[in-house]
Amino acid sequence: MSEHDSEIRAIANDVVALARAGDFDAIGAKYWDDDVVSIESGDGPMAVTDGIEAVRGKSEWWNGAHDIHGVTVEGPWLNGDQFSVRFTMDVTVKASGERIQMDEIALYTVDDGKIIEERFFY
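Scope of this entry: the structure provided in the associated data block. (Residues numbered from 1 in each chain as written. Predicted model: local features only at pLDDT ≥ 70, side-chain atom pairs only at ≥ 80, totals over all residues. Heavy atoms only, no water.)

1. So, the layout of surface pockets
Definition in use: Here a cavity denotes grid points, spaced 1 Å and computed from the protein atoms alone, that fit a 1.4 Å probe unable to get out, and a pocket denotes an open set having protein on both sides within 12 Å along at least 5 of 7 lines; residues with an atom within 4 Å of a point are the lining. Grid points are joined across faces, edges and corners, and a volume is the space filled by probe spheres set on the points. Secondary structure follows DSSP: runs of H or I at least 4 residues long count as helices, runs of E at least 2 residues long count as strands, and numbering of each begins at the N terminus.
One number sums up the size of the largest pocket: a volume of about 780 Å³. Lining of the largest pocket is provided by 32 residues; of these, Glu40, Lys58, Trp62, Glu104 and Phe120 occupy positions nearest its centre. If you list the elements that add at least two residues to the lining of the largest pocket, you get helix H2 (24-31), helix H3 (52-65), strand S3 (66-79), strand S4 (82-93), strand S5 (99-111) and strand S6 (114-121). For the lining of the largest pocket, the leading source of residues is H3, giving 6 residues.

And the structure:
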């Protein structure tokens with residue numbers, strides 16, 4: 001295993017550990033690049049979010065709009081400078097009161113020790 005592969009594996013394992021601990025904010029604080037891009041699979045105003053401040057804002061909005069009852073984290077799976085993680089979440093949408101089960105794959109791209117892109121599939 002190359003030094004680069006070891007670095008990606010260490011970051012991926014840490015992201016998974018932080019997610020399992022429920023510390024999603026720490027993932028961004030520790031690993032998002034200043035120019036990070038976050039891409040959702042749907043349309044809408046947050047389909048593509050550019051830059052660390054905008055991605056933080058999106059994360060704050062999401063956390064404020066949902067009550068999280070449980071999260072399961074699987075992975076990571078690695079391929080070069082990318083890794084994926086599966087998240088299953090039990091959440092209630094605060095605005096509607098609807099309780100939903102979410103199942104998504106997050107694909108992270110890493111460059112120079114930072115996440116430069118996160119892409120969500122669901």
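2. Considerations on the nonpolar core
Note the following rule: Note on terminology: a nonpolar core comprises buried Ala, Val, Leu, Ile, Met, Phe, Trp, Tyr and Cys residues joined through side-chain atoms within 4.5 Å. For each residue, the accessible area found with a 1.4 Å probe, counting protein chains only, is set against the maximum for its type, and the residue is called buried under 20%, exposed over 50%, and partly exposed in between. By the convention used here, residues are in contact when the closest approach between their heavy atoms is within 4.5 Å.
One finds Val15, Phe83, Val85, Phe87, Tyr108 and Ile115 to be the most contacted residues of the largest nonpolar core, which totals 26 residues. If you list the elements that add at least two residues to this core, you get helix H1 (3-20), H2, strand S1 (32-39), H3, S4, S5 and S6. When residues in this core are grouped by element, the largest group, 7 residues, is from H1. The contacts of Ile115, once residues within four sequence positions are left out, are Val15, Ile27, Tyr31, Trp32, Asp33, Val36, Tyr108, Thr109 and Val110.

3. Some thoughts on the pattern of salt bridges
Rule in force here: The rule for a salt bridge is simple: a side-chain nitrogen of Lys or Arg has to be within 4 Å of a carboxyl oxygen of Asp or Glu.
Scanning all chains against the criterion turns up 8 salt bridges. A salt bridge links Asp14 to Lys30; the nearest nitrogen and oxygen atoms lie 2.7 Å apart. Here Lys30 lies in helix H2 and Asp14 lies in helix H1, a separation of 16 residues in the sequence. Across the pair Asp67 and Lys94 runs a salt bridge whose closest N-O atoms are separated by 3.8 Å.

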